[in-house]
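Commentary on secondary and tertiary structure
Chain residues, written in single-letter form:
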Amino acid sequence: MRRGRRLRFLLVIVTLYFLLCSIGGKYLADASLDPGRRVLSDEEITLFQESVRTSGGRLQDVAITTSDGALLRGWLVRPAHPSGDAALLLHGLGDNRLGMTGYAQILLAHGYTVLMPDSRAHGMSGGALATFGLRESDDIHQWVSFLSAEVRPRCIYGMGESMGAALLLQSLQAESRFCAVVVESPFSTFREIAYDRMGQPFHLGPWVGRSVLRPMVEIAFLRARWKYGLRMGDISPEDAVARSQVPVLLIHGAIDGNIPVRHSRAIHAAAPRTVLWEVPGADHCGAMSMDSREFERRVVGWFHMTPVFRSASPPNGETSLKAISE
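Rules behind the numbers
- Residues numbered from 1 in each chain as written.
- Predicted model: local features only at pLDDT ≥ 70, side-chain atom pairs only at ≥ 80, totals over all residues.
- Heavy atoms only, no water.
- Helix = DSSP H or I, 4+ residues; strand = E, 2+ residues; numbered from the N terminus.
- Expected span 1.5 Å × (residues − 1).
- Buried < 20%, exposed > 50% of the residue type's maximum accessible area, 1.4 Å probe, protein only.
- Pairing = 2+ DSSP bridges.
- Right-handed = clockwise from strand over helix to strand, strands pointing away.
- Axes fitted to C-alpha atoms, helices over the stretch in contact; angles between N-to-C directions.
- Contact = heavy atoms within 4.5 Å.
- Salt bridge = Lys/Arg side-chain N within 4 Å of Asp/Glu carboxyl O.
- 1 Å grid on protein atoms, 1.4 Å probe; cavity = no way out; pocket = protein on both sides within 12 Å on 5 of 7 lines; lining within 4 Å.
- Points joined across faces, edges and corners; volume = space filled by probe spheres on them.
- Nonpolar A, V, L, I, M, F, W, Y, C, P; charged D, E, K, R; others polar.
- Disulfide = S-S within 2.5 Å.
- Patch = residues over 30% accessible without salt bridge, like charges linked within 9 Å, V, L, I, M, F, W, Y side chains within 5 Å.
- Areas by Shrake-Rupley, 256 points an atom, 1.4 Å probe, with all protein chains shown as cover.
- Polar contact = N/O pair within 3.5 Å; in protein donor to acceptor, adjacent residues only side chain to side chain.
- Core = buried A, V, L, I, M, F, W, Y, C linked by side-chain atoms within 4.5 Å.

Quick word on helix H4 (residues 136-151)
For H4, which comprises 16 residues, the first-to-last C-alpha distance of 22 Å matches the rise-based estimate of 22 Å (1.5 Å per residue) to within 8%. Glu136, Ser137, Asp139, Ile140, Trp143, Val144, Phe146, Leu147 and Val151 are the residues of H4 that are buried. A positive backbone phi angle near 50° is found at arginine 152, which sits one or two residues after H4.

Details of the pairing of strand S8 (residues 275-279)
Burial of the side chains of S8 is restricted to one face: Val275, Trp277 and Val279 are buried, whereas none of Leu276 and Glu278 on the reverse face is. Where strand S7 (residues 248-253) lies against S8, five bridges are found, and the strand directions are parallel. Considered in S8, the bridge of leucine 250 is made with leucine 276. Note that the unit made of S7, helix H10 (residues 262-270) and S8 has a crossover that is right-handed.

Observations concerning the sheet that holds strand S5 (residues 156-161)
Two pairing modes exist for strands in a sheet, parallel and antiparallel, and in both the strands are linked by backbone hydrogen bonds. Read from one edge of the open sheet, eight strands run S1-S2-S4-S3-S5-S6-S7-S8, paired in mixed fashion. Each edge of the open sheet carries a strand with a single partner, namely strand S1 (58-65) and S8. Each neighbouring strand pair of the sheet contributes to a mean axis angle of 20°, computed without reference to strand direction. Running at roughly 165° to strand S4 (residues 113-117), helix H3 (residues 101-109) makes contact with strand S2 (71-78), strand S3 (86-90), S4, S5 and strand S6 (178-184) of the sheet.

Re the pattern of salt bridges
Counting across every chain of the model gives 18 salt bridges. With a shortest N-O distance of 3.2 Å, aspartate 85 and arginine 154 are connected by a salt bridge. With aspartate 85 in the loop between S2 and S3 and arginine 154 in the loop between H4 and S5, this pair connects stretches of sequence that are 69 residues apart. On the accessibility criterion, aspartate 85 (9% relative accessible area) is buried. On the accessibility criterion, arginine 154 (60% relative accessible area) is exposed. For the salt bridge of arginine 297 with glutamate 294, the shortest nitrogen-to-oxygen distance reads 2.8 Å. Taken together, the residues arginine 297 and glutamate 294, both in helix H12 (residues 292-312) and three residues apart, mark about one turn of the helix. Several salt bridges share partner residues, and in doing so they unite Glu192, Asp196, Arg210 and Arg262 into one network.

Brief notes about the layout of surface pockets
If you add up the space inside the largest pocket, you get close to 400 Å³. Taken together, 25 residues form the lining of the largest pocket, with Ser32, Leu93, Phe132, Phe190 and Arg197 sitting closest to its centre. For the lining of the largest pocket, the secondary-structure elements that each account for two or more residues are helix H1 (2-33), helix H6 (190-199) and helix H8 (214-228). In terms of residue class, the lining of the largest pocket is made up of 18 nonpolar, five polar and two charged.

Side note on the state of the cysteines
One pass over the full model with this rule turns up one disulfide. With its sulfur 2.1 Å from that of its partner, cysteine 155 forms a disulfide with cysteine 179. With the S-S dihedral at roughly -85°, the linkage between cysteine 155 and cysteine 179 falls on the left-handed side. Taken together, the residues span a long stretch of sequence, with cysteine 155 in the loop between H4 and S5 and cysteine 179 in strand S6 at a distance of 24 residues. With relative accessibility at 10%, the residue cysteine 155 sits in the buried group.

Observations concerning a nonpolar patch on the surface
A surface patch of nonpolar side chains, about 380 Å² in accessible area, is lined by Val12, Leu16, Leu19 and Ile23. Inspection of the secondary structure puts valine 12 in helix H1. Relative accessible area serves as the criterion here: at 45%, valine 12 is assigned to the partly exposed category.

Section: the side chain of threonine 189
With respect to the helices and strands, threonine 189 occurs in the loop between S6 and H6. At 3.0 Å, the side chain of threonine 189 and the backbone nitrogen of glutamate 192 are in polar contact. The residues touching threonine 189, leaving out its near neighbours within four places in the chain, are Ile235, Ser236, Pro237, Glu238 and His263.

Quick notes on empty space enclosed by the protein
Per the stated rule, a full pass over the model turns up one cavity of 30 Å³ or more. Taken as a whole, the largest cavity holds about 70 Å³ of empty space. Around the largest cavity, the lining residues are Leu72, Leu90, Pro117, Asp118, Ser119, Arg120, Glu136, Asp139, Ile140, Trp143 and Leu167. A class-by-class count of the residues in the lining of the largest cavity yields six nonpolar, one polar and four charged.

Thoughts on unusual backbone geometry
Even without a glycine there, the phi angle at serine 185 is positive, about 60°. Topologically, serine 185 is positioned in the loop between S6 and H6. Under the relative-accessibility criterion, serine 185 is labelled buried at 0%.

Section: the nonpolar core
One finds Leu88, Leu169, Phe178 and Met232 to be the most contacted residues of the largest nonpolar core, which totals 52 residues. Excluding anything up to four places from it in sequence, methionine 232 contacts Leu33, Thr131, Phe132, Leu134, Phe190, Phe221 and Ala224. Core analysis: the next-biggest nonpolar cluster, separate from the first, contains 36 residues, Ile45, Ala87, Tyr103 and Phe295 among them.

Nothing here speaks to function; it is geometry throughout.
Have a look at this one:
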């Protein structure tokens, strides 16, 4: 009798566990692909427009239509004294183009024309789903083509934070026109960040997602594939960077509690020619707030120097690129 009761109790526990994983996996997939929009308010738009006018720059509303019919919107901002170069700035998850204002101000001050789009399913852009690079890679390709035709810059650079950083790196698999990119707090693969998300509510590491809640992750991946046709397991900025020749500067806060620094370390390990700047005491996307002058020096220095080394392709190019970022 006791053995039978124990078996029934165990069966109930296992059934509840898989039921929880099934419900949780469904919610995880749907919530990840539809993170919610932070819509630009009229007041925010007016304040940004005024700041551009005050600096002597010019702002233009721009848009492209993607291959799947989504209308993506953004701003093209021209500085008072253009240097002849341009930069594409990509914001994080659940944010919009205004999240890149601080980065834009730095680059505009140095004469860069900046393109600040809302990612698909964010801000004022169309698109029903955020796909973490599966569709956004082609969106970025189209934005680069737009910049090339509209501005005709000497060099196009890329800069992204968090999700935007991962999107930018993922796009390098097919987009080679960037002279260089800077990314802050990217994830290495979607699977690895999913493992992190499983442990974070309990203040535990990715081992929770790899073991105890692994079925929930797998069910979420299956739902994304069956319902939306998305292979989330294919999302790997790490692999894209390893196959690209575009110079990449990785910036990551040493105490990042959102996307742990191990992600940038993994990308750097897969592509040793990248340069990794770990910022002591900085949390998620917090490098600029820790030391704005050093942040500006490293970012602008990276953009200024990498085209020279890329075109020259010296035998010790990796060492030289590392030196200019320090």
